[in-house]
Amino acid sequence: MKVVQFTVPVARDHSIHIQEDLLPHFYEHLHRHTETQITYVIKGTGTLIAGNIMQPFGPGDLFIIGANQSHLFKSDPGYFEKDGLLNIHSLNIYFDSKGYLNSLLQFPEMAMVKKFIESSSHGLQASSENTNTLRDYISRIIQLSQGYRLATFIEMLQTMSKLR
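As a starting point, this report considers the structure included with it. Counting restarts for each chain, with residues numbered from 1 along the sequence as it is written. In keeping with the predicted nature of the model, local features appear solely for residues at pLDDT of at least 70, side-chain atom pairs appear and are counted solely at 80 or more, and the whole-chain, interface and lining totals rest on all residues. Excluding hydrogens and water, the side-chain figures rest on all heavy atoms present in the structure.

**A short note on helix α3 (residues 128–143)**
Its 16 residues give α3 an end-to-end C-alpha distance of 23 Å, which sits within 8% of 22 Å, the value for a rise of 1.5 Å per residue. Of all the positions in α3, only Asn130, Thr131, Leu134, Tyr137, Ile138 and Ile141 are classed as buried. The arc that holds the buried residues of α3, viewed along the axis, is 130°, so those residues lie on one side. Of the exposed residues in α3, those oriented more than 90 degrees away from the buried face are Glu129 and Gln143. Secondary structure elements follow DSSP: runs of H or I no shorter than four residues count as helices, runs of E no shorter than two count as strands, and numbering proceeds from the N terminus. Each helix should span, by expectation, one fewer than its residue count multiplied by 1.5 Å. Note on classification: 1.4 Å probe, protein chains only; a residue is buried when its accessible area is under 20% of the maximum for its type, exposed when over 50%, partly exposed between these limits. Think of the arc as the fan of directions from the helix axis to the C-beta atoms.

Next comes the structure, spelled out in structure tokens:
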């Protein structure tokens, strides 16, 4: 299967990109992008292919996909049937640690976050006990704007770096 180099449609006036997907099925091509991706699955089932790993996913799962890691959230076959009764819902945060956030990650206070981002380059799944906390952060981030959004995102990364 060929990997598609995907470009996340990131606005140049934001350091993180928020995307809510309400679709018949997940994006159906194995792909990668330069941004790290945090995905919270609200609705939908299938198989996540990330690098050399395949595992089932479902509602309530939260994944971190490393920058340039090939991946595919492969929806179950029922999502492609003509009756269209099934659909997916996910919340996604994309960020490029080599872009706008790079300078921020150089601060001594951000050492744990930088290490966490580097260690998640091959992807991670949040444990079920940590998913609720992270889901709450994502919900807040989506509702906020400007510096408040960025500050809450940094707080979420700080929390994630301590959860391991």
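**Examining the side chain of His71**
Here His71 is to be found in strand β8 (residues 71–75). A relative accessible area of 1% means that His71 is categorised as buried. Residues adjacent in sequence count toward polar contacts only when both atoms are side-chain atoms; beyond that, a polar contact is any pair of N or O atoms within 3.5 Å, and within protein one must be able to donate a hydrogen and the other to accept it. Within the structure, the side chain of His71 is placed 3.5 Å from the side chain of His33, a separation counted as a polar contact. Within the structure, the side chain of His71 is placed 3.0 Å from the side chain of Gln37, a separation counted as a polar contact. Whether two residues are in contact is decided by their heavy atoms: any pair within 4.5 Å suffices. Leaving out residues up to four positions away in the same chain, His71 has contacts with His29, Leu30, His31, Arg32, His33, Gln37, Ile49, Ala50 and Ile65.

**Considering the packing of α3 against helix α4 (residues 146–163)**
Axis geometry follows a simple rule: fit a line to the C-alpha atoms, using only the stretch in contact for helices, then measure angles between N-to-C directions, giving values from 0 to 180 degrees. For the pair α3 and α4, the least separation of the axes is 9 Å and the interaxial angle reads 170°. Relative to α4, the element α3 is oriented roughly antiparallel. Note on packing geometry: the crossing formed by α3 with α4 is left-handed. Between α3 and α4, the contacting residues are Asn130, Thr133, Leu134, Tyr137, Ile138, Arg140, Ile141 and Ile142 on the first element and Arg149, Thr152, Phe153, Glu155, Met156, Thr159, Met160 and Leu163 on the second. Partitioned by chemical class, the residues of the contact of α3 with α4 number nine nonpolar, four polar and three charged. What sets the label is the angle itself: under 35 degrees gives roughly parallel, over 145 gives roughly antiparallel, 65 to 115 gives roughly perpendicular, and the rest give oblique. A crossing counts as left-handed when the near helix is turned anticlockwise from the far one by less than a right angle, and as right-handed when that turn is clockwise. Residue type decides the class: Asp, Glu, Lys and Arg count as charged, Ala, Val, Leu, Ile, Met, Phe, Trp, Tyr, Cys and Pro as nonpolar, and the leftover types, Gly among them, as polar.

**Quick word on the packing of aromatic side chains**
In this analysis, rings of Phe, Tyr and Trp, with Trp reduced to its six-membered ring, are considered paired at centre separations within 6.5 Å, and the interplanar angle assigns stacked below 30 degrees, edge-to-face beyond 60, and tilted for intermediate values. According to the stated counting rule, one finds five aromatic pairs in the structure shown. Arranged with centres 5.3 Å apart and planes meeting at 80°, the rings of Phe57 and Phe73 form a pair that is edge-to-face. You can see Phe57 sitting in strand β6 (residues 53–57) and its partner Phe73 sitting in strand β8, a full 16 residues away along the chain. The exposure class of Phe57 is buried, given its relative accessible area of 5%. On the accessibility criterion, Phe73 (5% relative accessible area) is buried. Ring centres of Phe63 and Phe73 lie 5.7 Å apart, and the angle between their planes is 65°; this geometry places the pair in the edge-to-face category. One end of the pair, Phe63, is in strand β7 (residues 62–65); the other, Phe73, is in strand β8, and 10 residues separate them in sequence. Each member of the pair Phe63 and Phe73 is classed as buried. Clustering of aromatic rings is evident, with ring pairs tying together Phe26, Phe57, Phe63 and Phe73.

**Considering the environment of Asn132**
Tracing the chain through its elements places Asn132 in helix α3. Judged by its relative accessible area of 40%, Asn132 is partly exposed. In the structure, Asn132 is positioned 72 residues away from Gly60 in sequence and 8.4 Å away in space, judged by C-alpha atoms.

**A look at unusual backbone geometry**
Phi at Asn68 takes a positive value of approximately 65°, unusual for a residue other than glycine. You can see Asn68 is positioned in the loop between β7 and β8. The backbone of Gln146 shows a phi angle near 50°, a positive value even though the residue is not glycine. Tracing the chain through its elements places Gln146 in helix α4. Relative accessible area serves as the criterion here: at 63%, Gln146 is assigned to the exposed category.

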